[in-house]
Amino acid sequence: AKLRALYKFTRPHTIRGTVLASFAGTARALIDTPGAIANAQWGTMLPRAVIGMIALLLGNAFIVGINQIFDEGIDKMNKPFLPVASGEMSKR
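Computed from a predicted model, the values in this text were never measured in an experiment.

Conventions used here
- Residues numbered from 1 in each chain as written.
- Predicted model: local features only at pLDDT ≥ 70, side-chain atom pairs only at ≥ 80, totals over all residues.
- Heavy atoms only, no water.
- Helix = DSSP H or I, 4+ residues; strand = E, 2+ residues; numbered from the N terminus.
- Rg over C-alpha atoms; globule rule 2.2 N^0.38 Å.
- Buried < 20%, exposed > 50% of the residue type's maximum accessible area, 1.4 Å probe, protein only.
- Contact = heavy atoms within 4.5 Å.
- Expected span 1.5 Å × (residues − 1).
- Salt bridge = Lys/Arg side-chain N within 4 Å of Asp/Glu carboxyl O.
- Axes fitted to C-alpha atoms, helices over the stretch in contact; angles between N-to-C directions.
- Left-handed = near helix turned anticlockwise from the far one by under 90°.
- Nonpolar A, V, L, I, M, F, W, Y, C, P; charged D, E, K, R; others polar.

Colleague: Quick question: what am I supposed to make of the overall build of the protein here?
Modeller: When helices and strands are tallied, the protein shows 5 helices and 0 strands. By the compact-globule yardstick of 12 Å for 92 residues, the protein is too spread out, its C-alpha radius of gyration being 18 Å. The dimensions of the protein, computed from C-alpha atoms along their principal axes, are 55 × 20 × 15 Å. With 92 residues in all, the protein has 22% of them scored as buried.

Below you can see the structure in the form of structure tokens.
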């Protein structure tokens, strides 16, 4: 039950936009920079990209979490299924 509440707390549907924007921005930079793809050091870039993606996803979870904590009253009316608004998770 706690794991499910945490899953709902992170609002996983918002992750799609974060991942899509990250891939699109990276692809655009690689395509627009002459020789970037041909001369890329993938062994160095990919681990950094994974770390960067993890940071973006944690940032996304932080933002939606802060929103749920501070908008609990609004969410009780408009989104009662969210874990903080429903009482599934406490603000602590």
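There is more to say, and it comes next.
Colleague: Mind showing me how you'd approach unusual backbone geometry here?
Modeller: As a rule of thumb, non-glycine residues mostly have phi less than zero, and peptide bonds are mostly trans rather than cis. Phi at Arg11 is positive, roughly 50°, even though this residue is not glycine. Within the secondary structure layout, Arg11 lies in the loop between helix H1 (2–9) and helix H2 (15–32). We classify Arg11 as buried; its relative accessible area is 14%.

Colleague: Looking at this structure, how should I read the side chain of Gln68?
Modeller: As for its placement among the helices and strands, Gln68 is situated in helix H3 (residues 42–70). The class of Gln68 is buried, set by a relative accessible area of 1%. Discounting chain neighbours no more than four positions away, the residues touching Gln68 are Lys8, Phe9, Arg11, Asp75, Leu82, Pro83 and Val84.

Colleague: I would appreciate a short explanation of H3 in the present structure.
Modeller: Each full turn of the α-helix corresponds to 3.6 residues, which orients residues three or four apart in the same direction. Under the 1.5 Å per step criterion, the end-to-end length of H3 is 41 Å for 29 residues, consistent within 8% with the ideal 42 Å. Met53, Asn60, Val64, Gly65 and Gln68 are the residues of H3 that are buried. Close packing links the buried residues of H3 with H1, H2, helix H4 (72–78) and helix H5 (83–86).

Colleague: How do you make sense of the pattern of salt bridges when you look at a structure like this?
Modeller: Opposite charge on two side chains lets them pair, provided their charged atoms get close. Within this structure, the stated rule accounts for 4 salt bridges. Among the ionic pairs, Glu88 bridges to Lys8, the shortest N-O distance being 2.7 Å. Taken as a pair, Glu88 in the segment after H5 and Lys8 in helix H1 lie far apart in primary sequence, 80 residues in all. Each member of the salt-bridge network shares a partner with another, and the members are Glu72, Lys76 and Lys91.

Colleague: Where do I start with the environment of Met53 in this structure?
Modeller: Relative to the helices and strands, Met53 is located in helix H3. Leave out the neighbours within four places in its chain, and Met53 touches Val19, Ser22 and Phe23.

Colleague: Before we go on, may I ask you to explain the packing of H2 against H3 in this structure?
Modeller: What describes two packed helices is the angle between their axes and the distance between those same axes. Where H2 contacts H3, the axes come no closer than 10 Å and their chain directions differ by 145°. By crossing handedness, the relation of H2 to H3 is classed as right-handed. Residues Ile15, Thr18, Val19, Ser22, Phe23 and Leu30 of H2 pack against Trp42, Met45, Met53, Leu56, Leu57 and Asn60 of H3. Its residues assigned to classes, the contact of H2 with H3 shows 9 nonpolar, 3 polar and no charged.

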